[in-house]
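Structural overview
Spelled out from the first residue to the last, the chains are:
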Amino acid sequence: MAIAALLRRALAAVVLAALAGVALAQGLLPIPTLTARVIDQTGTLDSAQRNGLETKLAAFEQRKGSQIVVLMVPTTAPEDIASYTQRVGDAWKIGRKGVGDGLLVVVAKDDRKMRIATAKALEGAVPDLAASRIIDEEMKPRFRNGDFAGGLNAAVDRLIGLVDGEPLPEPSRNTGGGGNEGFDWENLAIFLFVGVFVGAPIARAIFGKKLGTMFIGGGVGVVVFFITTSIAIAVIAALVEL
């Protein structure tokens with residue numbers, strides 16, 4: 001797995017934990033961790049339906065480069081679906097870095113609300129009017145009949161068709177090279193910043209000032225070593241956290 005991808009995942013985990021704490025404090029629905037292209041928190045889709053849609057989205061992503069993620073939740077209350085979708089999109093950052101070609105499909109089942117959010121590069125391919133038509137023509141009729149899998153697949157097929165017509169950079173081909181190629185120092189700096197201002201106060205509150213400081217410094221050192229495989233960088237990162 002690419003080092004940059006590992007770093008992004010570690011950074012995302014820390015950021016999501018912080019955002020979850022803020023959301024709980026405000027009474028908002030926590031943002032789920034991005035673990036798959038299809039996340040169903042309602043238990044509506046069976047494994048075959050979920051895997052079939054996941055396979056379709058993975059094949060499209062490999063072929064085109066763009067990423068589509070489907071999220072089903074029971075409700076977005078107390079937020080409306082637009083605000084909740086915006087929070088999820090900001091946290092997940094779907095699509096390729098530097099391209100911005102992600103699509104997020106959110107279904108709030110109990111609220112009977114749906115939303116399709118597009119990243120900047122796809123606003124021309126999937127404008128708001130096209131997204132609304134897909135919801136009205138593909139999702140709503142099938143959802144009313146209890147066919148959620150059919151509605152999602154039909155919506156995804158329409159989205160794929162629209163994105164296929166958009167000129168986008170070719171997807172990168174992972175050659176499986178090793179080493180630190182592609183290492184992102186900017187992401188490392190952000191990771192350390194979040195560790196200092198988010199993780200450190202939490203650790204100190206739980207373990208006390210001295211032990212908490214040692215815990216967060218050692219933890220960051222271990223994570224950075226796992227990502228970079230460099231003892232020197234890991235030691236420096238740990239000292240920064242201390």
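Our subject is the structure that appears above.
The text that follows walks through the structure, step by step, so that each part is easy to find.

Rules behind the numbers
Residues numbered from 1 in each chain as written. Predicted model: local features only at pLDDT ≥ 70, side-chain atom pairs only at ≥ 80, totals over all residues. Heavy atoms only, no water. Axes fitted to C-alpha atoms, helices over the stretch in contact; angles between N-to-C directions. Helix = DSSP H or I, 4+ residues; strand = E, 2+ residues; numbered from the N terminus. Parallel < 35°, antiparallel > 145°, perpendicular 65-115°, else oblique. Contact = heavy atoms within 4.5 Å. Nonpolar A, V, L, I, M, F, W, Y, C, P; charged D, E, K, R; others polar. Expected span 1.5 Å × (residues − 1). Buried < 20%, exposed > 50% of the residue type's maximum accessible area, 1.4 Å probe, protein only. Polar contact = N/O pair within 3.5 Å; in protein donor to acceptor, adjacent residues only side chain to side chain. Core = buried A, V, L, I, M, F, W, Y, C linked by side-chain atoms within 4.5 Å.

Description of the packing of helix 2 (residues 47–64) against helix 5 (residues 148–164)
The geometry of helix 2 relative to helix 5 is characterised by a closest axis approach of 11 Å and an angle of 5° between their N-to-C directions. One element, helix 2, and the other, helix 5, form an angle in the roughly parallel class. Here helix 2 contributes Gln-49, Leu-53, Lys-56, Leu-57, Phe-60, Arg-63 and Lys-64 to the contact with helix 5, which in turn contributes Ala-149, Leu-152, Asn-153, Val-156, Asp-157, Ile-160, Val-163 and Asp-164. Of the residues assigned to the contact of helix 2 with helix 5, the class counts are 8 nonpolar, 2 polar and 5 charged.

Concerning helix 5
Here helix 5 contains 17 residues, and its C-alpha end-to-end distance of 24 Å stays within 8% of the 24 Å for a straight helix at 1.5 Å per residue. Listing the buried residues of helix 5 in full gives Phe-148, Ala-149, Gly-150, Gly-151, Leu-152, Ala-154, Ala-155, Val-156, Leu-159, Ile-160 and Val-163. Residues of helix 5 that are buried sit in contact with helix 2, strand 2 (67–73), strand 3 (102–108), strand 4 (113–118) and helix 4 (128–144). Structurally, the start of helix 5 carries an N-cap: the backbone nitrogen of Gly-150 is 2.8 Å from a side-chain oxygen of Asp-147.

Remarks on the nonpolar core
Counting residues in each nonpolar core, the largest one holds 30 residues, and the members touching the most others are Ile-68, Leu-103, Ile-116, Met-139, Leu-152 and Leu-159. Elements supplying a minimum of two residues to this core: helix 2, strand 2, strand 3, strand 4, helix 4 and helix 5. With 8 residues, helix 5 is the single largest residue contributor to this core. Sequence-distant contacts of Ile-68, that is, excluding residues within four places in its chain, are made with Arg-37, Leu-57, Phe-60, Leu-103, Val-105, Leu-159 and Ile-160. Core analysis: the next-biggest nonpolar cluster, separate from the first, contains 14 residues, Ile-39, Val-73, Trp-92 and Val-106 among them.

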